[in-house]
Structure formats: C-alpha cells, structure tokens
Amino acid sequence: MIKSMSVALEKNRGKDLWATLQKMSLRDKIGQLRQVDGSGGRSDASLLEAIRHGRVGSVINVVDPDLVNELQEIALHESPAGVPLVFARDVIHGFKTIFPIPLGQAATWDTDLAREAAHLAALEAYAVGIRWTFAPMIDVSRDPRWGRIAESFGEDPLLNALFGRAMIDGFQGNDLSAEGSIAACAKHFVGYGDSEAGIDYGSTNVSEFELRNVHLEPFRAAVAAGVASVMSSLSDVDGIPATAHRDLIRGVLRDEWGFAGLVVSDWDSVKQLSVHGITSDDKESAYQAAEARIDVEMTSDTYENHLADLVSSGQIGIEAVDSMAMSVLKFKKNLGLFDRPYTPKNYKSGISEAEIKDCARRQASESFILLKNSDSVLPLNQKKLSSICLVGPMADQDREQLGTWVFDGDPARSETPLKAFQDLLQPDCEVLFEKGLATTRSSCAELADFAVEKAQHADAVVAIIGEEAILSGEAHCRANIDLPGEQVELIRRLKATGKTIIVVILSGRPLTIGDLLPHADAVLFALHPGTMTGPAICDLLFGHKAPSGKLPFTLPKSVGQVPIYYSKKNGGRPATHDSIMSIDDIPAGAEQTSFGMTAFHLDDGFEPLFPFGFGLSYTEFTYSDLHILSNELSRGGELHVSVCVRNTGLQDAFEVVQLYTRDRVGSVTRPVKELKAFNRVLVRSGEAQTMRFSLSREDLSFYRRCREYGVEAGEFDLWVGGSSQADLHVTFEIDA
Ligand code: GLC
C-alpha cells in the first residue's frame, strides 16, 4: 500500500528545490551525495537503516520493482528530508533483450538504430524502476588488448561522439521526466581508453593536445546533447586521477562547457584516490573529490564519514555541499521523481518483446563486417543445400553471444545460430552440428575429430568461433589477441576436408586473425551481437540481407603493432610501400644503418590487416564524380561536396559512404586522416546515388598550440569512399 505523498514531495510540487535544500540538515545534504549498492536487497539491514536515516541519495543494482517501491516508501515517509531515491543500473546495450555490444553497434555506422535500441532498452529498464543508466561509454579506444574496448564505439572520436549522442537521445527521450525515459551517463571522464598496455584501471599518459583533440571530443558532444550525468574515470589522467581532477571536472566540464548536470564517481573511485597515492587517507580523498565537485560518491563512504568534519573545520565550504546536493535534487526533479517517485505496477510500454527483438535482429545483422568472401561463396543458396554442418564453440551459446555487461540479459530470449539454422532450414535441409571445441579456449581433441568427420557429409560448413563473453569487458584484458585456444587449428582441419569453410567470428574486441584467413573461404566478423545473433547470421549467410558493417577500429596484423589506428600523425619519416623492407630481406652481418629508413616494423611493416572503416558487401560499389560544389569556409560558411556511388553488382545493398579530411599544416601536428562525416545509404543493383556532404568551420576546428579551439588557414585534403583507405580525392583551402 503506497501512502500519500510526503511533506518533501508536497513542497516540491512547486519544484522550489532551494527551499527544500535550505530546510535540510548538513547530514541530509551529505546523504543525497551517497550512492549505495543495493544488491543485498531486503536482507541488507544496513541499507534499510541508512535510507531510513536519510543517508542515501541513490541506489545501484536493485532491479525488483517491488523492492524499489519499498525502499522508496522508506525514503519518502521515514527519512528526515523525505527526498525520493533514484535507482541506477548499468543498462549498457539492452536490459532483458540484448543488442550488440556498443563496439558492435558502432560497426553498423547507423546512429538512428542505436537511438532506437537505447530507447527500447530504457523501456525495459524503466519497467523495473531503473531511472538512471551508466551509459553511453564514449572512451576513444585504440588498444584491442583493453577489455573495455567492447563497451566503446571504437577508435574514432566522431563515431564515439555521434553514437554517444544517439544513445543519450534514446535513453533520455525529449522529456527526461516522461514515462520510459531514463537518465544517461557519459563515461568515463576522461581518457580511460588510453590505459597503459591495455590493462584496466591503469594510468593514461595523455598529452593536453591528445586529450583535447581526441578523448574530450565525445564528452563535449555528450554535454551538447544534454546528457544528464557524467561519470569520472577510475584511471589516472597524466598524474591526476580523474575523480580528483578539479581542472577537468570544474574547469573544462562545468566552466568551459557549461555542464549543469550531475557528476558521479565510478565504483569506489573516491576511496581509491589513496590507492593511487594522490591522497593519504579517506578524509583527504573526500576533500579532493569534493573540491573537484564529484556530486555523488558511488559505493564508497568517504563523504558519509568525513564531509561533515571537513565542513565544520572549514576545509570545505557549506556552499560546496549545497552545490553538490543541488545537483542531485535537480537531477531527481528533471526525472520527475518528486511527482512520480514510485514505479508503476506492471508498467506497460506498449512495445512487445517481439518488436524489441526485431530491432535487436536488425541491429545485429547490420553489425556484421564481411572481411573475406573468396569467389563469392556467400551468400549461400538455400535452395541448393540439402545439408549444412554447423561447427564451433560459439554456435549454440545463448549467454556467450550476449557479450559483456549483461547482468539482466535473459538468455532464454537468445536465438543462437544453431536454433536459427534449424528454424530456417529444416526439414528441407539437414542441419548437422558439432561443437568441435568445448569452449573457445579449448584444445582440439575428440570433439574436433567428430566435427571434421561430420563436415565431410555436408554441402557447406559454417564455423562459429570467437571469444566467450568473459574474455572481454571490465578488467578482462588480454596481452595476446589471437583467437583463443586452438580455433584456428580446428578451422585448418575443417578446410583440409576440401569443403568450403565459412567462418563467423563473435568477439568482444578486435582480434589478430591473419593465421585464420588462409583456411577460410569467407569470414564474417561481429562483436557479440546479442539476443538475435542466430537470425542475424541467417539473414546474411542466406542473402536476405547483404553485410553492411564497417570496422569501427583497425584490425592489426599482430598485437605488436598496437597502438595502430588510421588517424595517426605523419611523423617526419612516414613509411611508404617502397620505403620498407622485410626482416627477411636483411642479409646476415648487415651493418647498422638508418639511411633511407622510415616508420615501420621490420616484421609487420606499417599497414594493418584490415583498415578502419573497411567492410565488404555482396555487391561492388564504385565511387566517382567527387566535386566541391562550394567553399564558403573562409567567410564563415560551409564546404559542400557531392559524390556518386554506384552499385555495380546484382544485389541491392547498403554502403557506408565515409568522408575524411586532412589538415596539411597546423600549429600542432595533425592526423593524416580524420573521419568528418558518413552516411549509410541503400543503393539498388545497377543504380547510383549522389551523396552530398557539408562541412563547417566547427567540423574542422581543433585545439591549437595557442590553447584555443579554432580553424587554421591552409590547404586540406578530402577523401570519400567505403573505408579509411578511400582514394577519391580533392583538395580545398581555407584562407582565414
Ligand atoms: C564499474 C565500471 C563503471 C560502471 C560502474 C557501476 O566499475 O567502471 O563503468 O558503470 O562500476 O557498475
């Protein structure tokens, strides 16, 4: 039974939050700054007691709507200030129905679909009382060893910015207080993707220009998109842990960008300041976090235990606590919690599970990247198949295909490749199945023998391999990014049967797959595609859709090339094809020399296995007629270009048309290429589309040596094509 509204609620009907704040005691205010882990539920007496005494402002990890309402009722009717709680959860790429991991969503280059998926995830989470998710993660990630690359939108600042904005729009909608809307959280502020050696929780030695021109850009876009909260990173940013970084949080985020939302620490990241060694104890950690205006302390208790003393001793002014508490009250007001604090019983969004799964299927199928398709073995002709052999440790794994960060994902909803093949093909086509390996980390043994034997009897062999979900994600970093176990050996043995071998890789990160390629006739690469992995694979393998995914990262030949990314700096001696030599070309006894040498590895050269933005289709696209229609940049206007994309093949297909520029000379060195625009377009067989792009001065601005953003005059290159190796090229100038 939910009683009438409390005093606080009545008072805030007029939303006079300052009046509320002034009536709160110092302890009440500090209570609002505390986020506690609610995993213990009803049995956690300390949780209930803390709420009852007004020592909790938000709760993470409660996903039972009845418990949400029970805890809410205690906060409203028993705590001194009667301020409603806000309930939070990591809804990263879906709630019960799981969409591709964010790295896979980036591979679609379809921000509209990412927005739709986030909106649907919000509806599922809202139904259980979640009003705040800790997503999007927009850390520019250029190290595939880092497990959390899975949660990012890859190596490019623009992709992270645009997908981050799409997710924020999807989660928050047009009205944060509306039913079905939940607050987004841009994380992890900032530079976390540059974690040293690809190891989590580490240091990031990011220069000011790299921070400004790469890592901060997606957060600037998130603030412009109206993100309701920002999370400080666990990492150390060039010597100062993000959670204590006053200059970045107050200087850049709030003062320079005007962010008026809420800043939350990461899990225990305030307490960990003493572990970093920037403070000597919890009290000093509380002081430094409060000085940086970390409004909410996630799960550690330094504010709870020391902030009142810091105020009474004058080290922290009451206005600081008021400011942080006000951030929380405004956050809750914007969510409508003062008006509707309870989670409606049996909330119905009006969107069915089938509709959500349909969106998940569309996004999953768009996320697959076709890396190889020898002799156009794909798509398979379903009518000509009388038997197909499905092999692999990822072919029937309802949980593994969901990927990382899926605490609430429902495996029962998963449609695995095996199930999808059986549903689609049988009884006309016999579906044979052998795992071949117990897990992706296993060595070839009897299971592999069975798989090889069974493959002999099929018209086609499809191997579904990759990484189990636990091999990526937070704290799960790998120094070796080969396919785990003996999966390559399994594929080699399958190929030795003489059959056509189609390989589908389901991974949480970029992998080094060079040794696999010779044994595979076709390779589809996907980042854990989620609940609808199976139907998505069938959509592509049997040609219901043509693959349109493009790499949101660079695929290296070896981990020794890392970090390797397309938007690198030129350096003074850039490598070219005729400037490099192979280690095998060096004669024994060769004398030391560097004359004529350039920037490359003796063993792996300077090019990746596959470049950023790359992805094949079942058809061919040709680009022509790239023209600059007008260039008003020097007079504060825009540059307009057009290009023609023609589908010269037999299948209608989507192409992701990408536009890159290069600023040839800058007050600081500029990348050799930068993605500035893209558009995913359907081009029917035999037809052509004329695409138009416009670039503004803002698009070409960067953080300059004078420590200001702006455009610098000079010559620019511009390329358009289907990957970062686009070769259709024009130049343009900016005079002033
Ligand atoms: C974790 C992650 C962060 C997540 C938070 C709450 O440590 O770093 O991304 O949102 O804790 O689960």
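Residues numbered from 1 in each chain as written. Predicted model: local features only at pLDDT ≥ 70, side-chain atom pairs only at ≥ 80, totals over all residues. Heavy atoms only, no water.

Draft legend 1. Structural context of the overall build of the protein. In terms of regular secondary structure, the protein is built from 20 helices and 26 strands. Computed over the C-alpha atoms, the radius of gyration of the protein is 27 Å, within 12% of the 27 Å expected from 2.2 N^0.38 for a compact globule of 736 residues. The principal-axis extents of the C-alpha atoms in the protein amount to approximately 75 × 65 × 55 Å. Buried positions account for 60% of the 736 residues belonging to the protein. In the protein, the proportion of contacts linking residues at least 24 apart, taken out of those at least 6 apart, comes to 77%. Total accessible area on the protein is roughly 27,000 Å²; 48% of this is exposed by carbon and sulfur atoms. Looking at charge distribution, the protein has the averaged site of its 72 positive side-chain charges lying 4 Å from that of its 102 negative ones. (Helix = DSSP H or I, 4+ residues; strand = E, 2+ residues; numbered from the N terminus. Rg over C-alpha atoms; globule rule 2.2 N^0.38 Å. Buried < 20%, exposed > 50% of the residue type's maximum accessible area, 1.4 Å probe, protein only. Contact = heavy atoms within 4.5 Å. Areas by Shrake-Rupley, 256 points an atom, 1.4 Å probe, with all protein chains shown as cover. Lys, Arg positive; Asp, Glu negative; His and termini not counted. Charge placed at Lys NZ, Arg CZ, Asp CG, Glu CD.)

Draft legend 2. Looking closely at the side chain of Thr661. Here Thr661 lies in strand β20 (residues 653–663). With a relative accessible area of 1%, Thr661 lands in the buried category. Discounting residues that sit within four places of it in the chain, Thr661 has contacts with Lys673, Glu674, Lys676, Leu695, Leu700, Asp717, Leu718, Trp719 and Phe732.

Draft legend 3. Looking closely at the site of the ligand. Asp90, Arg148, Lys187, His188 and Asp266 are the nearest of the 13 residues found near the ligand. Measuring from an oxygen atom of the ligand, one finds a side-chain N or O atom of Asp90 at 2.5 Å. Within the side chain of His188, an N or O atom sits 2.6 Å from an oxygen atom of the ligand. Notes on the ligand: free accessible area 310 Å², of which the protein chains cover 94%. Tallied by class, the residues present in the shell around the ligand amount to 7 nonpolar, 1 polar and 5 charged. (Near = heavy atom within 4 Å. Polar contact = N/O pair within 3.5 Å; in protein donor to acceptor, adjacent residues only side chain to side chain. Nonpolar A, V, L, I, M, F, W, Y, C, P; charged D, E, K, R; others polar.)

Draft legend 4. Geometry of the packing of helix α17 (residues 417–425) against helix α20 (residues 533–541). In contact at an axis separation of 7 Å, α17 and α20 are set at 55° when each is read in the N-to-C sense. With respect to each other, α17 and α20 are oriented oblique. Regarding α17 and α20, the two cross each other, and that crossing is right-handed. Listed contacts from α20 to Pro417, Ala420, Phe421 and Leu424 of α17 are Thr533, Gly534, Pro535, Ile537, Cys538 and Leu541. Its residues assigned to classes, the contact of α17 with α20 shows 8 nonpolar, 2 polar and no charged. (Axes fitted to C-alpha atoms, helices over the stretch in contact; angles between N-to-C directions. Parallel < 35°, antiparallel > 145°, perpendicular 65-115°, else oblique. Left-handed = near helix turned anticlockwise from the far one by under 90°.)

Draft legend 5. Focus on the domain arrangement of the protein. One can read the domain layout of the protein as domain 1 (14–334), domain 2 (384–541) and domain 3 (621–734). One C-alpha centre belongs to domain 1, the other to domain 3, and the line joining them spans 35 Å. Listed as interface residues are 15 residues of domain 1 and, on the opposing side, 16 residues of domain 3. Carbon and sulfur atoms make up 61% of the area that domain 1 and domain 3 hide from each other, which totals about 1,300 Å². Three residues stand out in domain 1 for area buried against domain 3, namely Trp109, Phe209 and Asn213, and they jointly supply 45% of the buried area on that side. One can count 3 salt bridges joining domain 1 with domain 3. In this structure, the salt-bridge partner of Arg707 is Glu208, at a minimum N-O distance of 3.1 Å. (Domains from an automatic or database assignment. Buried area = accessible area lost by both parts, 1.4 Å probe. Salt bridge = Lys/Arg side-chain N within 4 Å of Asp/Glu carboxyl O.)

Draft legend 6. Spatial organisation of helix α13 (residues 282–291). Turning to α13, its buried residues are Ser285, Ala286, Gln288, Ala289, Ala290 and Glu291. A distance of 3.1 Å separates the backbone nitrogen of Lys283 from a side-chain oxygen at the start of α13, and that oxygen is part of Asp281. Immediately beyond the C-terminal end of α13, within one or two residues, lies Arg293, with a positive phi of roughly 65°.

Draft legend 7. Structural context of the nonpolar core. Core analysis: the largest hydrophobic core is formed by 107 residues, its most contacted members being Trp132, Phe171, Phe189 and Leu307. The greatest single-element share of this core, amounting to 10 residues, is contributed by helix α7 (residues 111–126). For this core, the domains that each give at least three residues are domain 1 (14–334) and domain 3 (621–734). If you look at the next biggest cluster of nonpolar residues, it comprises 58 residues, including Tyr623, Leu639, Val683 and Ile734. (Core = buried A, V, L, I, M, F, W, Y, C linked by side-chain atoms within 4.5 Å.)

Draft legend 8. Representation of the pattern of salt bridges in the model. Summed over all chains, the structure comprises 49 salt bridges. Put simply, Asp652 and Arg684 hold a salt bridge, and the shortest N to O gap is 2.9 Å. Of this pair, Asp652 sits in the loop between β19 (639–647) and β20 while Arg684 sits in the loop between β21 (674–683) and β22 (688–695); the two residues are 32 residues apart in sequence, bridging distant segments of the chain. Judged by relative accessible area, Asp652 falls into the partly exposed class, the value being 32%.

Draft legend 9. Highlighting unusual backbone geometry. At the junction of Lys187 and His188, the peptide bond is cis and its omega measures out at 0° in the coordinates. With respect to the element layout, His188 can be found in strand β5 (residues 185–189). A cis amide bond, omega 5°, links Gln426 with the succeeding residue Pro427. Along the chain, the position of Pro427 falls in the loop between α17 and β14 (430–434). Positive phi outside glycine occurs at Tyr201, with the angle close to 65°. With respect to the helices and strands, the residue Tyr201 is situated in the loop between β5 and β6 (203–204).

Draft legend 10. Expanded view of the sheet that holds β21. The sheet built from 4 strands is open, its strands ordered β21-β20-β25-β26 with antiparallel pairing. Looking at strand neighbours, the two that pair on one side only are β21 and β26 (728–734), the edges of this open sheet. When strand polarity is set aside, the average angle formed by the axes of neighbouring strands in this sheet is 20°. Inspection of the sheet shows strand β25 (residues 714–721) paired to β26 by 7 bridges, in the antiparallel sense. Note that in β26 the partner of Phe716 across the bridge is Phe732. (Pairing = 2+ DSSP bridges.)

Draft legend 11. Main features of the confidence of the model for the protein. Looking at the protein as a whole, the pLDDT averages 96, with 98% of positions reaching at least 70. Counted against residues more than four places away or in other chains, residues 9–14, with its pLDDT under 50, gives 14 contacts. (pLDDT = per-residue confidence, 0-100.)

Draft legend 12. Here's a closer look at the sheet that holds β14. Spatially, the 6 strands line up as an open sheet ordered β12-β17-β16-β15-β13-β14, and their pairing is mixed. The sheet is open, and its two borders are formed by β12 (369–373) and β14, each paired with just one other strand. The sheet shows a mean angle of 20° between the axes of neighbouring strands, direction not considered. Pairing between strand β13 (residues 387–391) and β14: 5 bridges, direction parallel. Note on β14: the bridge partner recorded for Leu390 is Phe433. Helix-sheet contacts for helix α18 (residues 446–455) involve β13, β14 and β15 (460–466), and the interaxial angle to β14 is about 160°.

Draft legend 13. Molecular detail of the side chain of Ser723. Among the structural elements, Ser723 can be located in the loop between β25 and β26. Judged by its relative accessible area of 10%, Ser723 is buried. In this structure the side chain of Ser723 is engaged in a polar contact, spanning 2.9 Å, whose partner is the backbone nitrogen of Gln725. Contact partners of Ser723, with chain neighbours within four places excluded, come to Pro611, Phe612, Gly613, Phe614, Gln658 and Tyr660.

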